[in-house]
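Breakdown of the fold
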There are 2 protein chains.
Amino acid sequence: MRGLDTTDIAILAALYTQPDLNNKTLAEQVGLAPSSCHERVKRLHNEGVIISTQLHVDMERLGGHIQAMVAVRLSAHDRNTVAGFQRDLLVTTEVVSIYHTGGENDFLLHVSVPNALHLRDFVFDQITSRQEVNHVETALVYDVKVSQQLPVYP
Amino acid sequence: MRGLDTTDIAILAALYTQPDLNNKTLAEQVGLAPSSCHERVKRLHNEGVIISTQLHVDMERLGGHIQAMVAVRLSAHDRNTVAGFQRDLLVTTEVVSIYHTGGENDFLLHVSVPNALHLRDFVFDQITSRQEVNHVETALVYDVKVSQQLPVYP
DNA sequence: GTTGAAACAATGTGGCG
DNA sequence: CGCCACATTGTTTCAAC
């Protein structure tokens, strides 16, 4: 668990904005030889600073004509209940991502579904049917935008 | 705007789960020659089915010790007001992603900040100070999990 | 961290089903 | 017309410095 120097940050910032940058170009941008640069990138992966790279796809083209944010409140908040809910929902086809939150709701589920009926069935079959679920609220998602800048602090 | 065949779906599903898969291995998995496979992937990019690939980094290691979901309600909902808010907030360091939603709230902002004071200042300076903002609610985000399965429908 | 060479993968062209 | 095999180009990777 080493600290990150300015070169590491420069590499992360560049890759965050342009994840497909090849190693040679990246090395130029951060002022390193290709091999040194490559080693740093590998290290950032190994140390878990770069967790993964994710594909961003057009949900519409995959038949996901509706996206929604489903807010879920549980009635029990022990570790097993919370972890079990998260684990089970993460592997459903509909769920894109899960935010585990504090405050009024315990989870925000970003889902992609083909139509309104499917959304209703998903909420009934995968959420409200679970005994630990206390409250569910669903909001339509028009659009998701992802920042292209690394949220980094000194 | 062509339809996707089963091979396209197989490629997308494989890349969604393992985005770093090289073309040769991908071709094997979907039963195509490397060059044909490569052409398909290129086409999926060009047609906008694959929008981009994003880096997933450890916020903690970047000094983002607190993540939060900030729900924002506007007082005006004309296109310019909504687009302006989204555009301005997307380029702040703190914001990781923005969900434009229907229902009670207009936006959900996923933010990463170094500490609670910074979060408070961000909300004051970038959000409540804007005249079109009507209501703000902030919830702590403990954890974000992203699905490794493509949300695809026939 | 750098350099340079070997191994490898990505891309373009031409031929086959 | 889409798929495959080969050749070219370029990138990754590993040695020695």
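Owing to the predicted nature of the structure, the values given are computational and were not obtained by experimental measurement.

Reading the values: rules and limits
- Residues numbered from 1 in each chain as written.
- Chains lettered and ligands numbered in written order.
- Predicted model: local features only at pLDDT ≥ 70, side-chain atom pairs only at ≥ 80, totals over all residues.
- Heavy atoms only, no water.
- Near = heavy atom within 4 Å.
- Polar contact = N/O pair within 3.5 Å; in protein donor to acceptor, adjacent residues only side chain to side chain.
- Helix = DSSP H or I, 4+ residues; strand = E, 2+ residues; numbered from the N terminus.
- Nonpolar A, V, L, I, M, F, W, Y, C, P; charged D, E, K, R; others polar.
- Contact = heavy atoms within 4.5 Å.
- Buried area = accessible area lost by both parts, 1.4 Å probe.
- Salt bridge = Lys/Arg side-chain N within 4 Å of Asp/Glu carboxyl O.
- Pairing = 2+ DSSP bridges.
- 1 Å grid on protein atoms, 1.4 Å probe; cavity = no way out; pocket = protein on both sides within 12 Å on 5 of 7 lines; lining within 4 Å.
- Points joined across faces, edges and corners; volume = space filled by probe spheres on them.
- Domains from an automatic or database assignment.
- Least-squares fit on C-alpha atoms with pLDDT ≥ 70 in both.

1. Considerations on the protein's contact with DNA strand C
The full set of residues close to DNA strand C is A:Leu32, A:Ala33, A:Ser35, A:Ser36, A:Arg40, B:Asn22, B:Asn23, B:Lys24, B:Ser35, B:His38 and B:Lys42. A share of 74% is what sugar and phosphate atoms reach among the atoms of DNA strand C within 4 Å of the protein. B:Lys24 places a main-chain nitrogen or oxygen 3.4 Å from a phosphate oxygen of DNA strand C. Between a phosphate oxygen of DNA strand C and a side-chain N or O atom of B:Lys42, the distance comes to 3.3 Å. For the surface near DNA strand C, the secondary-structure elements that each account for two or more residues are helix H3 (34-46) of chain A together with helix H2 (23-30) and helix H3 (34-46) of chain B. Along the lines of polarity and charge, the residues of the surface near DNA strand C split into two nonpolar, six polar and three charged.

2. Description of the interface of chain A and chain B
Listed as interface residues are 63 residues of chain A and, on the opposing side, 63 residues of chain B. Here chain A meets chain B over a buried area of about 6,000 Å², counting both sides, of which 58% is carbon and sulfur. Three residues stand out in chain A for area buried against chain B, namely A:Leu55, A:Arg61 and A:Tyr153, and they jointly supply 15% of the buried area on that side. Across the contact surface, chain A and chain B share two salt bridges. Here chain A and chain B share 30 residue pairs in polar contact (both at pLDDT 80 or more) between them. The dominant element in the side of chain A that touches chain B, judged by the number of residues it contributes, is strand S5 (residues 133-146) of chain A, at nine residues. Partitioning the side of chain A that touches chain B into residue classes produces 34 nonpolar, 19 polar and ten charged. Pairing of strand S1 (residues 50-57) of chain A with strand S1 (residues 50-57) of chain B, which is carried by seven bridges, proceeds in the antiparallel orientation. Residue pairing for S1(B): A:Thr53 is matched across the bridge by B:Leu55.

3. As for the layout of surface pockets
Of the voids in this model, the largest pocket is the one considered here, and its volume is about 1,100 Å³. Every residue lining the largest pocket is counted, 49 residues in all, and those nearest its centre are A:Gln54, A:Tyr99, B:Gln54, B:Tyr99 and B:Val146. For the lining of the largest pocket, the secondary-structure elements that each account for two or more residues are S1, strand S2 (66-74), strand S3 (95-101) and S5 of chain A together with S1, strand S2 (66-74), strand S3 (95-101) and strand S5 (133-146) of chain B. The element that contributes the greatest number of residues to the lining of the largest pocket is S5(B), accounting for seven residues.

4. Thoughts on the domain arrangement of chain A
Looking at the assigned domains, one finds that chain A contains domain 1 (6-46) and domain 2 (59-141). Using C-alpha coordinates to define each centre, domain 1 of chain A is positioned 36 Å away from domain 2 of chain A.

5. A word on the relation of the copies chain A and chain B
In the superposition of chain A on chain B (RMSD 0.1 Å, axial shift 0.0 Å), the rotation amounts to 180°. The two molecules are tied by a two-fold rotation axis, judged by turn and shift. Considering only C-alpha atoms, the part of chain A nearest the rotation axis is A:Gln54, at 2.5 Å. When the interface residues of chain A are mapped onto chain B, 100% of them are again interface residues, pointing to one common binding face.

6. A word on the protein's contact with DNA strand D
In the neighbourhood of DNA strand D, the contacting residues comprise A:Asn22, A:Asn23, A:Lys24, A:Ser35, A:His38, B:Leu32, B:Ala33, B:Ser35, B:Ser36 and B:Arg40. One of the side-chain nitrogen or oxygen atoms of A:Asn22 is found 3.4 Å away from a phosphate oxygen of DNA strand D. Between a phosphate oxygen of DNA strand D and a main-chain N or O atom of A:Asn23, the distance comes to 3.1 Å. For the surface near DNA strand D, the secondary structure elements donating two or more residues are helix H2 (23-30) and H3 of chain A together with H3 of chain B. The leading source of residues in the surface near DNA strand D is H3(B), at three residues. Broken down by class, the residue content of the surface near DNA strand D amounts to two nonpolar, six polar and two charged.

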